[in-house]
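# Observations on the three-dimensional arrangement
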Amino acid sequence: MDYSERDEQWPSEFGESSQLLPDQCGDAARDLTAVHYSRRHTTDHRPVLYLIGLLGVGACGFIARHLLAQQHEQVGSGNALMSAFVVKECSTMDQDCSKTMCCKTKGFRCFKKNDKWAGCRPWCAEGPDPTDTDFGPWNCTALGPKTPGMAPGPDYRAKPAPWVQDRCAPTGKDCRKQRCCKDAGKQCFKKDDRWYGCKETCVPGGPDPLDTNNDTWNCTAVGMRTPGPYQGGRKAPWVTKWCSAKDTNCFHTRCCKDAGHQCFLKAAGWAMCMPDCTHGPFLGDANADIWNCTALGGRTPGMARVESLSKYVADWVKTNCSKPGENCNTTMCCADATQQCFSKDTNWATCMRGCKQGTHANDKDKKPWECKKLGPRTPRKWGSPTLYCFSVIRLTSYEADIMMAQVNTDGSVGIFGCDQFDVFAAQGRGWIGDGPEGPVWTEHFQDAPVTRSIDNTAGNTALFRNVWAAVKQVGRWAFTEWTVKVDPDAVLFADRLRQHLRPHTGKPVYIQNCASYTLVQQGGAMMFGAVEAMTREALHKYFNEGGMWRCNKNYQYGEDRWIGECFKEIGAWPVTDPLVLGDKLCVPGVWDCSDQRRAAFHHYKDLGSWMKCYHEGKR
């Protein structure tokens, strides 16, 4: 199933920055019994629970929920106990949860479909579910609490049921009767009493730049989303005339002229058009004012071009933001690089690198942490040389799993360990996770067919020419000294890569990372496609000195051979360094992930093997 509910609300629906919201987490035990049990006793039953546990997991789970519901002051303990029981007795995603009224999967809740079935899901909107085998609508009555923890990311591999194409409404037609949509990634939303439409996202009270007019939407969801990534579209003609430009106040228009921008509220009377917004202070602002960051209208389709980047935070961050051990509940920011403000409860939050929900060993009160992120993470200083890294993925494959794991591991690793980064996907706009600078969404590029090259490799030159056009359009490459294309099945260690690249910075060069006796036509070495590193000077020749039209040929090659030949023709020269990449196709037998000399390893085409290589390499 595709569990994304709406565009910018995926991270916030299941917790600010992918953590469970505190009101959902803290009230889990209370919610359970508010529906099913009376509130009569107020004594401390925890010792009793431990004894009952000896009698059997089933009876223990029932009595634990019964007792926990009657203790408002024991909510934290109740959550911890519930977490222990759900693994034993609660339902999986494919089981009926009408009797257990709880779910094994973190971030999921038991919702009623009808008198015969209830299922575990992260959210529910009354109406049919396009992933169900039948058209029958869901009642969506919540049975029990949401299971504490972070819900899994959206599954872009999910497929709609066969009945969807026959029973659901197409885009551009009123969907109030069908309560479902034919097109991937869309959901039926109410605009007003006269119109319900199929949309990818909906912001209540604001206009939609894809709509035929600038009337506001009510945005009540009717039925559930058809699985698939967001496809976007073209902005309507009225957007250019009516909506606000970036860096101007969009409080009254609630929409933006510029591609990839959305109107976000700072405070009453003031809002600005930006690509994204994190509730809290902006660390590059002139002051420490808190931004509300509520979206006031829909996102204008297209990619937001990066026109300036600051390597540093404002001077006030050191003095106004909190230090480790201090309460950052009010400042919502941290003075030290890589630190993030995490809340324990409504009264206390502090700055840490990461936060694990539950009790922490060094806490004297032994009360659990909710771990809600407050404000932005203070960015690390840019490395030397500076790196812009990107990957191209298929959202419906294992590649999305690997990218989601990279962004959620050890404060973000792989390409997210670079100074700037992007993830490109031809299928549409998909959510990857919370990166070191906030939510990460894929950037769209125009797809192209992949054939077979004359070297018997993937004939993907046409596809990657479109990717490089998207890289130019986004514009991050111009602000770093190196650009690095990294395949999703390559394990990258950014700091080690800097050591290899540093001596060649500032010259129009690219790195030939693969030496092999099989590369006769390439002179025994080439820039292997798993990790393609090139300087800003080399890319400038391609983007701005005629390289894009001069290299519009050689489609019989794979992309890596094509771009290597292209660079030679436009005046960028190769530097051979086979220790950059460990790959069995380049130096047979030399691809041990524990080899600290190498900056990357390839290829690991499933999440388990990728993570295994990463953990071996970081030791």
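The sections below set out a description of the structure shown in this document. (Residues numbered from 1 in each chain as written. Predicted model: local features only at pLDDT ≥ 70, side-chain atom pairs only at ≥ 80, totals over all residues. Heavy atoms only, no water.)

## Overview of the overall build of the chain
A count of helices and strands for the chain gives 16 helices and 29 strands. When the 619 residues of the chain are sorted by exposure, 55% land in the buried category. A fraction of 63% describes how many contacts in the chain between residues 6 or more apart in sequence connect residues 24 or more apart. Within the structure as shown, the chain displays about 26,800 Å² of accessible surface, and the carbon and sulfur contribution to it stands at 53%. (Helix = DSSP H or I, 4+ residues; strand = E, 2+ residues; numbered from the N terminus. Buried < 20%, exposed > 50% of the residue type's maximum accessible area, 1.4 Å probe, protein only. Contact = heavy atoms within 4.5 Å. Areas by Shrake-Rupley, 256 points an atom, 1.4 Å probe, with all protein chains shown as cover.)

## Digging into the environment of asparagine 292
Mapping asparagine 292 onto the fold places it in the loop between strand 10 (290-291) and helix 9 (316-320). A C-alpha to C-alpha distance of 8.1 Å links asparagine 292 and threonine 278, two positions 14 residues apart in sequence. Sequence-distant contacts of asparagine 292, defined by excluding residues within four places in its chain, comprise Leu265, Lys266 and His279. A polar contact is formed between the side chain of asparagine 292 and the side chain of threonine 294, at a distance of 2.4 Å. (Polar contact = N/O pair within 3.5 Å; in protein donor to acceptor, adjacent residues only side chain to side chain.)

## Observations concerning unusual backbone geometry
Note the cis peptide between serine 384 and proline 385, where omega equals 0°. Mapped onto the fold, proline 385 is located in the loop between strand 13 (372-374) and strand 14 (387-393). Of note, the amide linkage connecting histidine 602 to histidine 603 takes the cis form, showing an omega dihedral of 10°. Along the chain, histidine 603 turns up in the loop between strand 29 (600-602) and helix 16 (607-617). A positive phi angle is found at arginine 254, which is not glycine, with a value near 65°. The residue asparagine 554 is not glycine, and still its phi comes out positive at about 60°. For asparagine 554, the location among the structural elements is in the loop between helix 14 (547-550) and helix 15 (559-570).

## Describing the sheet that holds strand 28 (residues 581-583)
Here three strands make up an open sheet; going across it, the order is 22-29-28 and the pairing mixed. Of all the strands in the sheet, the pair left with one neighbour each is strand 22 (491-492) and strand 28. When strand 28 meets strand 29, the two strands line up parallel, connected through three bridges. Note that in strand 29 the partner of leucine 581 across the bridge is alanine 600. (Pairing = 2+ DSSP bridges.)

## Examining the pattern of salt bridges
What the rule picks out here adds up to 29 salt bridges. Ionic pairing is found between aspartate 410 and lysine 618, a salt bridge with its closest N-O pair at 2.9 Å. Here the residue aspartate 410 occupies a position in the loop between helix 10 (398-408) and strand 15 (420-425), and lysine 618 occupies one in the segment after helix 16, the gap between them amounting to 208 residues. By relative accessible area, which is 42% here, aspartate 410 ends up partly exposed. Look at lysine 618 and you get partly exposed, because its relative accessible area is 43%. Residues lysine 612 and glutamate 616 are paired through a salt bridge, measuring 2.6 Å at the closest nitrogen-oxygen approach. On the criterion of helical spacing, the pair formed by lysine 612 and glutamate 616 is a turn pair, its members being four residues apart in helix 16. On the basis of relative accessibility, which here comes to 52%, the residue lysine 612 falls in the exposed class. (Salt bridge = Lys/Arg side-chain N within 4 Å of Asp/Glu carboxyl O.)

## What to know about the environment of lysine 266
In this structure, lysine 266 sits in strand 7 (residues 262-267). Here lysine 266 falls in the buried class, since its relative accessible area comes to 17%. As a C-alpha pair, lysine 266 and isoleucine 290 span 24 residues in sequence and 7.3 Å in three-dimensional space. For lysine 266, the contacting residues outside a window of four places in its chain are Ala271, Asp285, Asn287, Asp289, Ile290, Trp291 and Asn292.

## Focus on helix 12 (residues 494-501)
Most of helix 12 is tucked away: six of the eight residues are buried. Buried within helix 12 we find Ala494, Arg496, Leu497, Arg498, His500 and Leu501.

## Focus: the sheet that holds strand 12 (residues 349-352)
Strand order across the open sheet formed by three strands is 12-11-13, with antiparallel pairing between neighbours. Edge strands, defined here as strands with exactly one partner in the open sheet, are strand 12 and strand 13. For this sheet, the mean inter-axis angle between neighbouring strands, taken without regard to orientation, is 40°. Strand direction decides the pairing type here: strand 11 (residues 340-343) and strand 12, joined by four bridges, are antiparallel. When the sheet's bridge partners are listed, glutamine 340 is paired in strand 12 with methionine 352. (Axes fitted to C-alpha atoms, helices over the stretch in contact; angles between N-to-C directions.)

## Describing the pairing of strand 26 (residues 531-535)
Of all five residues making up strand 26, five are buried, and the element is well covered by its neighbours. The side-chain alternation of strand 26 yields two buried faces, one formed by Val531, Ala533 and Thr535 and the other by Glu532 and Met534. Bridge count for strand 21 (residues 482-486) against strand 26 is five bridges, and the pairing is antiparallel. For tryptophan 482, the partnering residue across the bridge sits in strand 26 and is threonine 535.

## Focus: helix 15
Since the α-helix turns once every 3.6 residues, residues separated by three or four places project in the same direction. Compared with an ideal rise of 1.5 Å per residue, which puts 12 residues at 16 Å, helix 15 spans 16 Å between its outermost C-alpha atoms and is within 8% of the ideal. Burial of helix 15 is extensive: nine of the 12 residues sit out of reach of the surface. Within the sequence span of helix 15, burial applies to Glu559, Asp560, Arg561, Trp562, Ile563, Gly564, Cys566, Phe567 and Ile570. Downstream of helix 15 by one or two residues, glycine 571 has phi in the positive range, about 100°. (Expected span 1.5 Å × (residues − 1).)

## Focus on the packing of aromatic side chains
Under the definition given, this model contains 14 aromatic pairs. Geometrically, the ring pair formed by phenylalanine 135 and tryptophan 163 is edge-to-face, given 5.2 Å between the ring centres and 85° between the ring planes. Separated by 28 residues along the polypeptide, phenylalanine 135 in the loop between strand 2 (117-121) and strand 3 (142-143) and tryptophan 163 in the loop between strand 3 and helix 7 (164-167) bring together distant segments of the chain. Between tyrosine 542 and phenylalanine 543, the ring centres sit 5.4 Å apart and the planes meet at 55°, which makes this aromatic pair tilted. Residue phenylalanine 543 is classed as buried on the basis of its relative accessible area of 5%. (Phe/Tyr/Trp six-rings, centres within 6.5 Å; stacked < 30°, edge-to-face > 60°.)

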